[in-house]
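What follows is the residue order along each chain.
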Amino acid sequence: MKKTFSPTKRLLVKGIIATCLLSVTRVGFAAAMAQVIAVRIWPSSTYTRITLESNVILKYKHFSLTNPNRIVIDINNIDLNPTLKNISSKVLKHDPYIKLIRVVQRDPKTVRIVIELKQGVKPNTFTLSPIAKFKHRLVMDLYPSKPASSKDDDPLLALLEEYKKGDLNKKQSEIKSPTNKNKNAPVIVVLDPGHGGEDPGAIGYNKTREKDIVLQIARRTYNLLKKEPNIKVYMTRNEDVFIPLKVRVAKARSLHADLFISIHADAFANRSVGGSSVFALSTSGASSSAASYLAQTQNEADQIGGVSRSGDKYLDNTILDLVQKTTLNNGVLLGNAILNRMKRINKLHKPSLEKAGFAVLKAPDIPSVLVETAFISNITEEKKLKTASFQNQVSKSIVDGIKDYLKRRKN
Ligand SMILES: [Zn+2]
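Residues numbered from 1 in each chain as written. Predicted model: local features only at pLDDT ≥ 70, side-chain atom pairs only at ≥ 80, totals over all residues. Heavy atoms only, no water.

Looking at an unreviewed UniProt entry, the protein chain carries the name N-acetylmuramoyl-L-alanine amidase AmiC, with the source organism given as Gilliamella intestini. Checking UniProt for the protein chain, the heading Sequence similarities (unreviewed entry) contains the comment "Belongs to the N-acetylmuramoyl-L-alanine amidase 3 family." (UniProt positions renumbered as here; feature names shortened; annotations may be inferred.)

**With respect to the pairing of strand β10 (residues 231–235)**
Among the five residues of β10, four are classified as buried, and the element is accordingly described as predominantly covered. Considered for its hand, the β-α-β crossover made up of strand β9 (residues 187–193), helix α5 (residues 210–226) and β10 is right-handed. (Buried < 20%, exposed > 50% of the residue type's maximum accessible area, 1.4 Å probe, protein only. Helix = DSSP H or I, 4+ residues; strand = E, 2+ residues; numbered from the N terminus. Right-handed = clockwise from strand over helix to strand, strands pointing away.)

**Things to note about the coordination of the zinc ion**
Only His195 (NE2), Glu210 (OE), His264 (ND1) and Gln298 (OE1) from the protein coordinate the zinc ion, and they sit 2.1 to 2.6 Å from it. Classification of the site at the zinc ion rests on its four donor atoms, whose angles at the metal span 80 to 176°, yielding the label irregular. Ordering the donors of the zinc ion by residue number gives the pattern H-x14-E-x53-H-x33-Q. Taken together, the residues Glu210 in helix α5 and His264 in strand β11 (residues 259–266) connect sequence positions 54 residues apart. Judged on exposure class, the residue Glu210 and its partner His264 are both buried. (Donors = N, O, S within 2.8 Å, 3.2 Å for Na, K, Ca; no water. Tetrahedral: all angles 85-135°; square planar, octahedral: opposite > 155°, others 65-115°.)

**A closer look at the side chain of Glu53**
Here Glu53 lies in strand β2 (residues 48–54). Side-chain polar atoms of Glu53 contact the side chain of Arg40, separated by 2.9 Å. Those residues in contact with Glu53 that lie beyond four places of it in its chain are Gln35, Val36, Ile37, Ala38, Arg40, Lys133, Phe134, Lys135, His136 and Arg137. (Polar contact = N/O pair within 3.5 Å; in protein donor to acceptor, adjacent residues only side chain to side chain. Contact = heavy atoms within 4.5 Å.)

**Regarding the pairing of strand β6 (residues 110–117)**
Here β6 lies mainly inside the structure; eight of its eight residues are buried. Across the two faces of β6 the burial is the same, with Thr110, Arg112, Val114 and Glu116 and Val111, Ile113, Ile115 and Leu117 all buried. Judged from the seven bridges that link them, strand β4 (residues 70–76) and β6 form a sheet pairing that is antiparallel. From the neighbouring strand, Ile73 faces β6, where its bridge partner is Ile113. Bridge count for strand β5 (residues 98–107) against β6 is eight bridges, and the pairing is antiparallel. Counterpart to Gln105 in the pairing with β6 is Val111. Once β5 ends, the chain turns through two residues before running back antiparallel as β6. (Pairing = 2+ DSSP bridges.)

**A few points about the sheet that holds strand β7 (residues 121–128)**
The sheet built from four strands is open, its strands ordered β1-β2-β8-β7 with antiparallel pairing. Each of the sheet's edge strands pairs with one partner strand only, and the pair in question is β1 (36–42) and β7. The mean angle between the axes of side-by-side strands here comes to 15°, regardless of whether they run parallel or antiparallel. Strands β7 and β8 (136–144) of the sheet are contacted by helix α3 (residues 156–165), whose axis makes an angle of about 135° with β8. (Axes fitted to C-alpha atoms, helices over the stretch in contact; angles between N-to-C directions.)

**Side note on the nonpolar core**
Ranked by size, the top nonpolar core spans 37 residues in total, and within it Val189, Leu225, Ile261, Leu334, Ile338, Leu385 and Ile402 carry the most contacts. Counting only elements with at least two residues in this core, the list comes to β9, α5, β10, β11, β12 (277–281), α10 (325–342), β14 (368–375) and α12 (388–408). If near-sequence neighbours (up to four positions away) are discounted, Ile338 is found in contact with Ile261, Val278, Val369, Val371, Ile398, Gly401 and Ile402. In this structure, Ala34, Leu84, Ile98 and Leu142 belong to the second largest nonpolar core, which totals 27 residues. (Core = buried A, V, L, I, M, F, W, Y, C linked by side-chain atoms within 4.5 Å.)

**Quick look at the sheet that holds β6**
With antiparallel pairing, four strands are arranged side by side in an open sheet as β3-β4-β6-β5. Lying at the two open borders of the sheet, with one neighbouring strand each, are β3 (59–65) and β5. With strand direction ignored, the average angle separating the axes of adjacent strands in the sheet is 15°.

**What to know about the packing of α5 against α12**
Here α5 crosses α12 at 50°, and the two axes come no closer than 9 Å. As the angle between them shows, α5 and α12 are arranged oblique. α12 is crossed by α5, and the crossing has right-handed handedness. Contacts between α5 and α12 involve Ile213, Gln216, Ile217, Arg220, Thr221, Leu224 and Leu225 from the first element and Ala388, Gln391, Asn392, Val394, Ser395, Lys396, Ile398, Val399 and Ile402 from the second. (Parallel < 35°, antiparallel > 145°, perpendicular 65-115°, else oblique. Left-handed = near helix turned anticlockwise from the far one by under 90°.)

**Here's the deal with unusual backbone geometry**
Glycine aside, residues mostly have negative phi angles, and peptide bonds mostly take the trans form. With an omega dihedral of -10°, the bond running from Asn67 to Pro68 counts as a cis peptide bond. Residue placement: Pro68 occurs in the loop between β3 and β4. Positive phi, normally seen in glycine, also occurs at Asn77, with a value near 55°. By secondary structure assignment, the location of Asn77 is in the loop between β4 and α2 (82–85). With phi around 65°, His195 is a residue other than glycine that occupies positive phi space. Checked against the element boundaries, His195 lands in the loop between β9 and α5.

Quick look at the structure:
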């Protein structure tokens, strides 16, 4: 038998369904409102980064206005909560690009963020998927539209520009290492303090951040090397700024570096683990599973620190494939020289040089090593890493290791 409703009944049913739909939509709408859970601003002389971390991916659009220079970001379907309101207080006086930030409820569904600028900027905006302890992130990097000509011709800004466009690998392949270099030419050393900006690196029990410690150690090493008559020294970063791994390598290559030394502090879940270690690049697997795990976590720095997608246009191993045997051998020689000095100031985590596929060691023509100064996750070593005396000892070990290497290297 065919069931039929009387017109009144049908109307009533329709009404109930409509009410249900309405309440579902209301609940659904409230639940879908995005929440900003953290706001961070990282000012640096190279670029300033604004990060909005949220529970869901943010829907946004942005545009620039002049007189005065400002950038407007409209975010849809977002709750103007206290965390987001607080963005105004995150602007630092010394920020080279941002004067102030205002945030207003533009309409019931839209929040408008207005960034007033100190100079013309080129914004680079992108989103990052959750990784490690981070949720969804909306990132806006502010680069100078007219870069100031720096005194020491730092190639960093130009390299970041190439990286953004996805041209870095192509441009890098055009760099030729200078052949028959003058024997008396200074040895060019590039120091690379790991992590920076959004990427804190490992964090100790007492909240000491790897990125801060390794910058302090790199600065001390820089000052020691500067006193050496036949050495010219540069740093990949000298601020709390995030630099992608490939850009670090590219900077060293652009400066025609003879040596590249990446400085880090190790971490492990078991806090009793400690000691210093030195790594050279391996093109054929890691020397231990711990080394392989470490390389994997360190290579994640780009996802944690955050790079726009165009930067990953080319496969990572295109550089790796070109690494020359002499470079690898000299890397081992340099690593052993530094390890021999390190063992006089701290116990060693492993008795010999370790090898792993660190992305930051993959310059084809520069002997490169990575120094894990000590374990920041070990409470005793965390304390030590913060002291000027241990930092000076590490710096001196690196410098003496370099000098030992230079006496022994093969060309
Ligand atoms: Zn590290």
